[in-house]
Amino acid sequence: MAAASSSDSDCGRAESNEASSKWLDAHYDPVANIHTFSSCLALADLHGDGEYKLVVGDLGPGGQHPRLKVLKGPTVLTESPLPALPAAAATFLMEQHEPRTPALALASGPCVYVYKNLRPYFKFSLPQLPPNPLEQDLWNQAKEDRIDPLTLKEMLEGIREKAEVPLSVQSLRFLQLELREMEAFVSQHKSKSIKRQTVITTMTTLKKNLADEDAVSCLVLGTENKELLVLDPEAFIILAKMSLPSVPVFLDVSGQFDVEFRLAAACRNGNIYILRRDSKRPKYCIELSAQPVGLVRVHKVLVVGSTQDSLHGFTHKGKKLWTVQMPAAILTMNLLEQHSRGLQAVMAGLANGEVRIYRDKTLLNVIHTPDAVTSLCFGRYGREDNTLIMTTRGGGLIIKILKRTAVFVEGGGEAGPPPAQALKLNVPRKTRLYVDQTLREREAGTAMHRTFQTDLYLLRLRTARAYVQALESSLNPVSVTAREPLKLHAVVQGLGPTFKLTLHLQNTSAARPILGLLVCFLYNEVLYALPRAFFKVPLLVPGLSYPLETFVESLSDKGISDIIKVLVLREGQSAPLLSAHINMPVSEGLAAA
């Protein structure tokens, strides 16, 4: 009975979690054998039948045997091998002719493979780069048998370390060979021309002249040689070329190519560069404190995930708006766009198995997964408009459908910042006095600044003079000399007319005791009387505070007080080591009498 009741409670808890969740669990396959990133996922109606498919650029287990997979529902529809690891996948419309079926672009190595109706349509290759002239000369000498393979290897290694132009793939492969394999490699490749080819690091799409959802789009490529290329969707020629200070790894674009567009590129140097139309170089730069792991545009805000486990929001001019700290490392990011409710939010997959959904810095929802999520994609899949597709670190596939009744509200996830933090302050209206003062400061700003700087310099000068005078006359209770490191503290007790004065003298040296010190009191003999105004100090052991007690008798009956100076001296020296000024209190006993 106990086991049955426990099972019933677990089932009831699962049913309640399912009922309170905003998502329906459509499919989960922990052994789907899909290893990819968010940039290699795309959703599109590839056949024009209203059935949206999932395109996956699969890296394969361990980065071996990359493949292009197309999924329909939970099953793989088609699968074809790729010559190199995929960098990005995107779907776009190439032309306005009917039927309007999108094309599939897959960036892999130095090429973009374009498919229509899941059949190879076009292959675009990046233009070749000029080779290193020194490298070309060495291979020409090897071709004429003027240098041996060992000398060729040593000279190529010297070029690789010092030259600004990197070596070709042929030379890099040669440098990896063993000594016995070099001669055969040189004999095989010495007659071939040197080719230096860059590779694609990231890819996205940009509307050409219309902002409609079914408008023709251009491909935007980021390359390893720090360039951005915009390709024509029909002729596949380079329409625009832009240079960056570093290699781009994430891209986000908005606008239309023929009208006006803005392009944000997150690079390997930890910066985000923002370019506009007709600009060959970046217009703005956002410097991050850590490497970026994702870049998503939500309305007009650039949301950047960093390796410091945090999300940052920036404007398109580089101004930071907000920062949200994550409970774990961010593995992947993507955009969640719910067209029916006009919602745009950012999804972040974390290393602790959570997928967090944020609108600005407000947490909307948290999804818990059985394994860490490495890629995210949200959109229409099959015939469902709001489908979330996730792949896990172990190669699993998770498909969730957003309920039609689900509404994301602020605070729907975990406790975040209070709502009052986002409220604007009720700033009072500007008065005439404020406006006049502002105009005065604007007109006489230079003179006011000079006056302030002059007063500040005078204050610093007077402070320095007073400090030097205190050091020279030992008017401070802490010794500044290394030979006698001392500290003095005085305490006055009593109501009067007799006070108890206790001096706490401490040797702050690390290991050296101090001997031969004297204590002297300077005071007004009309107001005060001390039994001993001058006495010797015993041996001071390092680190201990020695209380030296004496009594002070107030002689005045007028209710006035004065300062008693305490000097600590070394035998045979007239200058004190340190001093203290004691403000004596008014004698309560004499005042009452």
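Thresholds applied
- Residues numbered from 1 in each chain as written.
- Predicted model: local features only at pLDDT ≥ 70, side-chain atom pairs only at ≥ 80, totals over all residues.
- Heavy atoms only, no water.
- UniProt positions renumbered as here; feature names shortened; annotations may be inferred.
- Helix = DSSP H or I, 4+ residues; strand = E, 2+ residues; numbered from the N terminus.
- Buried < 20%, exposed > 50% of the residue type's maximum accessible area, 1.4 Å probe, protein only.
- Lys, Arg positive; Asp, Glu negative; His and termini not counted.
- Charge placed at Lys NZ, Arg CZ, Asp CG, Glu CD.
- pLDDT = per-residue confidence, 0-100.
- Contact = heavy atoms within 4.5 Å.
- Domains from an automatic or database assignment.
- Salt bridge = Lys/Arg side-chain N within 4 Å of Asp/Glu carboxyl O.
- Pairing = 2+ DSSP bridges.
- Axes fitted to C-alpha atoms, helices over the stretch in contact; angles between N-to-C directions.
- Phe/Tyr/Trp six-rings, centres within 6.5 Å; stacked < 30°, edge-to-face > 60°.
- Lys NZ or Arg CZ within 6 Å of the ring centre and 35° of its normal.
- Arc of directions from axis to C-beta.
- Core = buried A, V, L, I, M, F, W, Y, C linked by side-chain atoms within 4.5 Å.
- Patch = residues over 30% accessible without salt bridge, like charges linked within 9 Å, V, L, I, M, F, W, Y side chains within 5 Å.
- Areas by Shrake-Rupley, 256 points an atom, 1.4 Å probe, with all protein chains shown as cover.

- As annotated in an unreviewed UniProt entry, the protein chain carries the name BBSome complex member BBS1 and comes from Puma concolor.
- Under the Subunit (unreviewed entry) heading, UniProt states for the protein chain: "Part of BBSome complex, that contains BBS1, BBS2, BBS4, BBS5, BBS7, BBS8/TTC8, BBS9 and BBIP10. Interacts with the C-terminus of RAB3IP. Interacts with CCDC28B and ALDOB. Interacts with PKD1."

### What about the overall build of the protein chain?
Then, number 1: A count of helices and strands for the protein chain gives eight helices and 36 strands.
Then, number 2: Expressed as a percentage of the 593 residues in the protein chain, the buried residues total 42%.
Then, number 3: Looking at charge distribution, the protein chain has the averaged site of its 66 positive side-chain charges lying 5 Å from that of its 59 negative ones.

### Quick notes on the confidence of the model for the protein chain
Then, number 1: Within the protein chain, residue pLDDT values average 82, and 91% of them lie at 70 or more.
Then, number 2: A low-confidence stretch, residues 1–16 (pLDDT under 50), is modelled with zero contacts involving residues beyond four sequence positions or located in other chains.

### So, the domain arrangement of the protein chain
Then, number 1: Per the domain assignment, the segments making up the protein chain are domain 1 (135–183) and domain 2 (478–583).
Then, number 2: A C-alpha centroid distance of 82 Å is found between domain 1 and domain 2.

### What to know about the UniProt feature "domain: Bardet-Biedl syndrome 1 protein GAE" (unreviewed entry) in the protein chain
Then, number 1: When the UniProt feature table is mapped onto this chain, "domain: Bardet-Biedl syndrome 1 protein GAE" (unreviewed entry) is found at residues 486–588.
Then, number 2: In this annotation, residues 486–588 is assigned 1% helix and 52% strand; the end-to-end C-alpha distance for the span is 34 Å.

### Things to note about the pattern of salt bridges
Then, number 1: Overall, the coordinates contain 16 salt bridges when judged by the stated rule.
Then, number 2: Measuring nitrogen to oxygen at the nearest pair gives 2.9 Å for the salt bridge that ties D58 to K69. One end of the pair, D58, is in strand β3 (residues 53–58); the other, K69, is in strand β4 (residues 67–72), with eleven residues separating them in the sequence. The pair D58 / K69 is uniform in exposure class, with both members buried.
Then, number 3: The partner of K500 in a salt bridge is E549, with the nearest N and O atoms 3.5 Å apart. With K500 in strand β30 (residues 498–507) and E549 in strand β34 (residues 545–554), the pair connects residues that are 49 residues apart, well separated along the chain.
Then, number 4: For K500, a relative accessible area of 27% puts it in the partly exposed group.

### What to know about the sheet that holds strand β33 (residues 534–537)
Then, number 1: Spatial ordering of the open sheet is given by β33-β31-β35-β36, a layout of four strands whose pairing is antiparallel. Taken across any chain shown, the strands that pair with only one partner, and hence form the sheet edges, are β33 and β36 (578–583). Mean inter-strand twist for the sheet, computed between neighbouring axes without regard to direction, equals 20°.
Then, number 2: Direction of pairing for strand β35 (residues 563–570) relative to β36: antiparallel, over a ladder of six bridges. Of the residues in β36, the one forming a bridge with I564 is I582.

### Describing the sheet that holds strand β7 (residues 103–108)
Then, number 1: One open sheet holds the four strands; their spatial order is β6-β7-β8-β9, and the pairing between them is antiparallel. Each end of this open sheet is capped by a strand with a single partner; those strands are β6 (86–92) and β9 (119–125). On average, adjacent strands in this sheet sit at an angle of 20° to one another, irrespective of strand direction.
Then, number 2: Where β6 lies against β7, six bridges are found, and the strand directions are antiparallel. Within β7, the residue paired with A89 across the bridge is L106.

### Points about the environment of L175
Then, number 1: Inspection of the secondary structure assignment puts L175 in helix α4 (residues 169–175).
Then, number 2: For L175, a relative accessible area of 9% puts it in the buried group.
Then, number 3: Residues L175 and K153, spaced 22 residues apart in sequence, show a C-alpha to C-alpha distance of 6.2 Å.
Then, number 4: Among residues more than four places away in sequence, those in contact with L175 are K153, L156, E157, R160 and L167.

### Examining the packing of aromatic side chains
Aromatic rings considered in pairs are described by the distance between their centres and by the relative angle of their planes.
Then, number 1: Across all of its chains, the model carries four aromatic pairs by this definition.
Then, number 2: Between the aromatic rings of W23 and F378, the centroid separation amounts to 6.3 Å while the plane-to-plane angle is 90°, which identifies the pairing as edge-to-face. Within this pair, whereas W23 is found in strand β1 (residues 23–29), its partner F378 is found in strand β26 (residues 373–381), the two being separated by 355 residues in sequence. An identical accessibility class is assigned to W23 and F378; each is buried.
Then, number 3: For the ring pair F122 and F236, a centre distance of 4.7 Å and an interplane angle of 15° mean the geometry is stacked. With F122 in strand β9 and F236 in the loop between β12 (227–231) and β13 (238–243), this residue pair connects regions lying 114 residues apart in the sequence.
Then, number 4: Using a relative accessible area of 34% as the deciding quantity, one classes F122 as partly exposed.
Then, number 5: The ring of Y121 carries K116 above its face, with NZ or CZ at 5.6 Å from the centroid.
Then, number 6: Stacked on the ring of F535, the Lys or Arg R532 has its end atom at 4.6 Å from the ring centre.

### Structural notes on helix α2 (residues 133–143)
Then, number 1: Within α2, burial applies to E135, L138, W139, Q141 and A142. Taken down its axis, α2 places every buried residue within 155° of arc, on the same side.
Then, number 2: Of the surrounding elements, those touching the buried residues of α2 are α3 (149–162), α4 and α5 (179–189).
Then, number 3: Just downstream of α2 lies D145, where phi reads positive at about 60°.

### Things to note about unusual backbone geometry
Then, number 1: If you check the backbone angles, N117 has positive phi at about 55° while not being a glycine.
Then, number 2: A residue is classified by how much of its surface remains accessible, and N117, at 42% relative accessible area, is partly exposed.
Then, number 3: Notably, L118 is not glycine yet its phi reads approximately 65°, a positive angle.
Then, number 4: Residue placement: L118 occurs in the loop between β8 (111–116) and β9.

### Details of the nonpolar core
Then, number 1: Membership of the largest hydrophobic core comes to 27 residues, with the highest contact counts inside it found for L486, L488, L503, L517, V519, F521 and L540.
Then, number 2: Of all elements in the fold, only β29 (486–493), β30, β31 (517–522), β33, β34, β35 and β36 reach the threshold of two or more residues within this core.

### Let's talk about the environment of H339
Then, number 1: As for its position among the elements, H339 is in the loop between β22 (330–338) and β23 (343–350).
Then, number 2: By relative accessible area, H339 is classed as exposed at 57%.
Then, number 3: A C-alpha to C-alpha distance of 9.5 Å links H339 and G379, two positions 40 residues apart in sequence.

### Some words on a nonpolar patch on the surface
Then, number 1: Taken together, the side chains of L515, L539, V541 and L544 make up a nonpolar region of the molecular surface, amounting to roughly 350 Å² of accessible area.
Then, number 2: Residue class for L539 comes out partly exposed when judged on its relative accessible area of 41%.

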